[in-house]
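Descriptive analysis of the structure
Now for the letters of each chain:
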Amino acid sequence: MTATKASGAGYRAPGLYIGDRWRAGGAATHTAVVNPATGATLDQLRHASAADLDDALQAAQAGFETWRNTPAAARQDLLLRGVALLRGRAADIARCLTLEQGKPLAQSLGEVKVAADMVQWYAEQARRIQGRLVPGDAAGVDYEVRKAPVGPCLLLSPWNVPVILAARKIGGALAAGCSCIVKPPEETPAAVAMMVACFVEAGLPPGVLNLVFGVPDAVSRHLIASDTIKKVSFTGSVAVGRLLAGLAAPGLKRLTLELGGHSPVVVFDDVDVEDCVARLVAAKFRNAGQLCHAPTRFFVQRRIYADFVDRFARAAASLKQGDGLLPQTEIGPLANARRQRAMAELVASTARAATLVTGGGHGIEQGCFFQPTVFADVQPDAEAMVNEPFGPVALFRAFDDPASALAQANATRYGLGAYVFTDSARLQRQMIDGLNVGAIAVNSTVVSVAEAPFGGVGDSGYGYESGEEGLEGYLHTKFVNRNSQP
Ligand code: NAD
């Protein structure tokens, strides 16, 4: 069995990849993979049995023994070969991603490109994993600080940006010299499997990269309980993050948790409103708002507030909803019916504590669509202000002075991304110092890049992905006190 090749109606759910081969999942359970633009079932994804998971653990242990002893330059070469294959197959993978996840094809293509960039950066960094030599306290004594891979890792990635989020974990783990078992989301499995196939075909030794699917809770419990797994990296909801932290605790396993966000946007009245609105509408409704760092709570200085909200709402309402495969589509469906129901409930409860300016309904009735939705004058205790919407809902409030903007922006349990728009260096500095988040974009809508760490505070989780800190998460530090003149 090989990974899926996307070709419209030819969609095939992938198998598992364990050791050195593809196989069909041996469990009796399966997941229906549904095209969220149409509601049609694309295929059935077969799950791993307990025996499959045990095989994956054994393969990952064997793969680790090989990979940890593979020189960094060779690890880099293999990963870069995989990146080249990934770039070459981007169009096929993107089409598959749109079919199973719903986002517009251009965004799927962008996702595959960013995934390739992220693994490339990690691959290049593999040759720069450096320790240090510290002067010892006597002649002939060296204090050495060495870096070593932590061991086989379990990588759990979600359905909103499945290719990037799996790539970021795979790239970090493999560049560091770890082997891994990847469990991508069952609802959007094939695009990630096609990416995995690129690295397998690039020549990774058996067992270095393993791919499984199953019932998430059962897979996590089985794999995290094993002594083989030394680190878990998860991106997803706060509730599941808490559950996994509990499962990892008895084995004291390392954990990276990239959970939800409720990103504030602070817009001061010196901005070019038209330009700022255009950039923020694009950022807000990309991937139908299903991004952990999507701008969500918009705080706009009172002098420009009414004009800003009006222009934002008109631009949002003009976005073309549709099947992501159609070239004119600007916003696709939500990824699944669960998210559509969640948005409807959130909008109904928020409407009691805010003014609905535009949207609020499905727009297109077939499939999992939801309109770009804008609320103004949202009360601080409205449900959408408290719980991450994770969808195409923008919430606006006016502010009068920087201190109140900061207080409102920080009034949340989450702390992932934040956005600030002003030309004032003083205000920029005040916001950077005061915002309680892991990543801030100033006059920009980009908070996540390959070269820099991405991680949160509070309910947004802990640990980092990407950048040097991301790689560090797959390494442990070994101190050696070496006396060469005993
Ligand atoms: P959910 O909490 O059921 O699942 C979230 C993700 O975790 C999914 O990918 C799911 O497959 C996975 N998951 C669930 N239980 C798991 C387990 N025991 N072990 C391992 N993985 C497990 O919610 P959902 O309906 O799929 O998504 C809705 C919420 O999830 C959103 O409100 C959002 O906050 C969060 N989410 C966050 C991100 C992110 O990028 N941080 C991505 C996707 C979803």
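Residues numbered from 1 in each chain as written. Predicted model: local features only at pLDDT ≥ 70, side-chain atom pairs only at ≥ 80, totals over all residues. Heavy atoms only, no water.

For the rest of this paragraph, the subject is the sheet that holds strand E6 (residues 141-149). On the basis of which strands lie adjacent, the open sheet formed by three strands has the order E5-E6-E20 and antiparallel pairing. Edge positions in the sheet fall to strand E5 (132-135) and strand E20 (475-483), since each of these pairs with one other strand and no more. Averaged over all adjacent pairs, the angle separating strand axes in this sheet is 25°, with direction ignored. As paired strands, E6 and E20 are joined by nine bridges and run antiparallel to one another. Paired with Val 145 across the two strands is Phe 479, which belongs to E20. (Pairing = 2+ DSSP bridges. Helix = DSSP H or I, 4+ residues; strand = E, 2+ residues; numbered from the N terminus. Axes fitted to C-alpha atoms, helices over the stretch in contact; angles between N-to-C directions.)

The full set close to the ligand counts 21 residues, and Trp 159, Ser 220, Ser 237, Arg 338 and Glu 388 are the nearest of them. Asn 160 has a polar side-chain atom sitting 3.3 Å from an oxygen atom of the ligand. Between a nitrogen atom of the ligand and a main-chain N or O atom of Leu 259, the distance comes to 3.0 Å. Considering the ligand on its own, with 790 Å² of exposed area, one finds that the protein chains cover 84% of that surface. Mapped by element, the contributors of at least two residues to the shell around the ligand are helix H7 (216-224), strand E10 (231-235), helix H8 (238-248) and helix H11 (337-350). (Near = heavy atom within 4 Å. Polar contact = N/O pair within 3.5 Å; in protein donor to acceptor, adjacent residues only side chain to side chain. Areas by Shrake-Rupley, 256 points an atom, 1.4 Å probe, with all protein chains shown as cover.)

This brings us to the pairing of E10. The element E10 is extensively covered by neighbouring structure, given that five of its five residues are classed as buried. Burial along E10 is two-sided: Lys 231, Ser 233 and Thr 235 facing one way and Val 232 and Phe 234 facing the other are all buried. Both strand E7 (residues 153-156) and E10 contribute to a ladder of four bridges, which runs parallel. The partner of Leu 154 across the bridge, within E10, is Val 232. In this fold, E10 hands off to H8, which returns the chain to strand E11 (residues 254-258); that crossover is right-handed. (Buried < 20%, exposed > 50% of the residue type's maximum accessible area, 1.4 Å probe, protein only. Right-handed = clockwise from strand over helix to strand, strands pointing away.)

It is worth spelling out the side chain of Lys 169 at this point. Locating Lys 169 in the fold gives a position in helix H5 (residues 162-176). Given the relative accessible area of 1%, Lys 169 is considered buried. Apart from the residues lying within four places of it in its own chain, the contact partners of Lys 169 are Leu 155, Leu 156, Ser 157, Ser 233, Phe 234, Thr 235, Glu 465 and Tyr 474. (Contact = heavy atoms within 4.5 Å.)

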